[in-house]
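A structural walkthrough
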Amino acid sequence: MAFFDQGLQPERTLLAWKRTILLLAVGSAVGARLTFEEGGWISVAVGVIGLVLAGVSYLAAIARYKFSNKRLIEFQEFLSGGAIFALVSFAMATLTILAFWYLVGPA
Amino acid sequence: MKRQVELSRRRFPKSLYSKGSEPDPRFSLANERTFLSWIRTSLALTATGVALEALEVPIEPNFRLAASLLFVALATLSAVQAWLGWLLTEKAIRNQEPLRGPMSGAALTSGILLGLMIIVLGFVWTL
């Protein structure tokens, strides 16, 4: 099996994505359960959205790894842009705003 | 050169990719893993803030709310640090400039320590 780097950097990066996505999925489910009494259907909705996003992100991370790794092996090029990082940061910041709403919003 | 211009048009943000040169992919991958570490930090801080209130941890309620809000604020800071850190590091790598340290490292560390002190004070208050 061909690989780009003996330090297995692309593989380690994929594992980092998987760890992050797993944490997001678990956080969404547990968060929905813990906040259900106060948050009601909104908590459930946020939890479900988080789980769906985690599932989609998981598949996207694997696809991105396969595409990137192929280019790295063939051309030693890594052409990923910054859009995915902006999106993930924005999603995380939105989640923190929802957490603020839970803490100080209407009961 | 023409290929680099063409590639920079398709990647976001253009202001980053239109300057400098393509770095060793291993540096970009390391930068990506650092970004994900900040996101996980943000997730953990959000979870801590929400859990303190949701589980009604038995400390004085005002102290508990203050600690929760602080941890969630730090989570927001971590999410912003994740993006800005990735952007500035990628820029430095592309332009072969010295790398910066995390801008919010001191604030984050101090904030977490302060949050822990608030929790301890809240616990002592109930005794």
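So, here is what we can say about the structure in this document. (Residues numbered from 1 in each chain as written. Chains lettered and ligands numbered in written order. Predicted model: local features only at pLDDT ≥ 70, side-chain atom pairs only at ≥ 80, totals over all residues. Heavy atoms only, no water.)

Right, let's get into the packing of helix 3 (residues 25–54) of chain B against helix 4 (residues 61–94) of chain B. Each pair of packed helices gets described by two things: the angle between the helix axes and the distance between those axes. All names here are of chain B. Helix 4 packs onto helix 3 with a crossing angle of 170 degrees between their chain directions and a minimal axis gap of 8 Å. Judged on the interaxial angle alone, helix 4 and helix 3 are roughly antiparallel. Its residues assigned to classes, the contact of helix 3 with helix 4 comprises 18 nonpolar, 12 polar and four charged. (Axes fitted to C-alpha atoms, helices over the stretch in contact; angles between N-to-C directions. Helix = DSSP H or I, 4+ residues; strand = E, 2+ residues; numbered from the N terminus. Parallel < 35°, antiparallel > 145°, perpendicular 65-115°, else oblique. Nonpolar A, V, L, I, M, F, W, Y, C, P; charged D, E, K, R; others polar.)

By size, the foremost hydrophobic cluster in this structure holds 31 residues, and its most contacted members are Trp17 and Phe85 of chain A together with Phe35, Leu45, Phe71 and Trp86 of chain B. Elements that contribute at least two residues to this core include exactly helix 1 (9–34), helix 3 (41–75) and helix 4 (83–104) of chain A together with helix 2 (14–17), helix 3, helix 4 and helix 5 (105–125) of chain B. Considering every element that reaches this core, the biggest residue donor is helix 4 of chain B, with nine residues. Non-local contacts of Phe35 of chain B, meaning those with residues more than four positions away in its chain, are made with Phe85, Val88 and Ser89 of chain A together with Ala82, Trp83 and Trp86 of chain B. (Core = buried A, V, L, I, M, F, W, Y, C linked by side-chain atoms within 4.5 Å. Buried < 20%, exposed > 50% of the residue type's maximum accessible area, 1.4 Å probe, protein only. Contact = heavy atoms within 4.5 Å.)

The subject of this paragraph is the environment of Glu97 of chain B. Residues and elements named next belong to chain B. With respect to the element layout, Glu97 can be found in the loop between helix 4 and helix 5. When its relative accessible area of 39% is taken as the criterion, Glu97 is described as partly exposed. Setting aside chain neighbours within four positions, we find Glu97 in contact with Lys91 and Ala92.

Right, let's talk about the environment of Gln81 of chain B for a bit. All names here are of chain B. Within the element layout of this structure, Gln81 appears in helix 4. Judged by relative accessible area, which is 5%, Gln81 ranks as buried. Along the chain, Gln81 and Ile39 lie 42 residues apart, while their C-alpha atoms are 8.9 Å from each other. For Gln81, the residues in contact, after removing those within four places along its chain, are Trp38, Trp86, Pro102, Met103 and Ser104. A polar contact of 3.3 Å, which involves the side chain of Gln81, links it to the backbone nitrogen of Met103. (Polar contact = N/O pair within 3.5 Å; in protein donor to acceptor, adjacent residues only side chain to side chain.)

Taken together, the contacts link 38 residues of chain A with 37 residues of chain B. Between chain A and chain B, a total of about 3300 Å² is buried, with carbon and sulfur atoms accounting for 73% of that surface. Of all residues in chain A, the largest losses of buried area upon contact with chain B belong to Phe78, Phe85 and Leu103 of chain A, amounting jointly to 18% of the total for that side. Where chain A packs against chain B, one counts one salt bridge. The closest approach of N and O atoms between Arg64 of chain A and Glu32 of chain B, which form a salt bridge, is 2.6 Å. The interface formed by chain A and chain B holds 10 residue pairs in polar contact (both at pLDDT 80 or more) in total. Elements that contribute at least two residues to the side of chain A that touches chain B include exactly helix 1, helix 3 and helix 4 of chain A. Ranked by residue count, the leading element in the side of chain A that touches chain B is helix 4 of chain A, at 14 residues. (Buried area = accessible area lost by both parts, 1.4 Å probe. Salt bridge = Lys/Arg side-chain N within 4 Å of Asp/Glu carboxyl O.)

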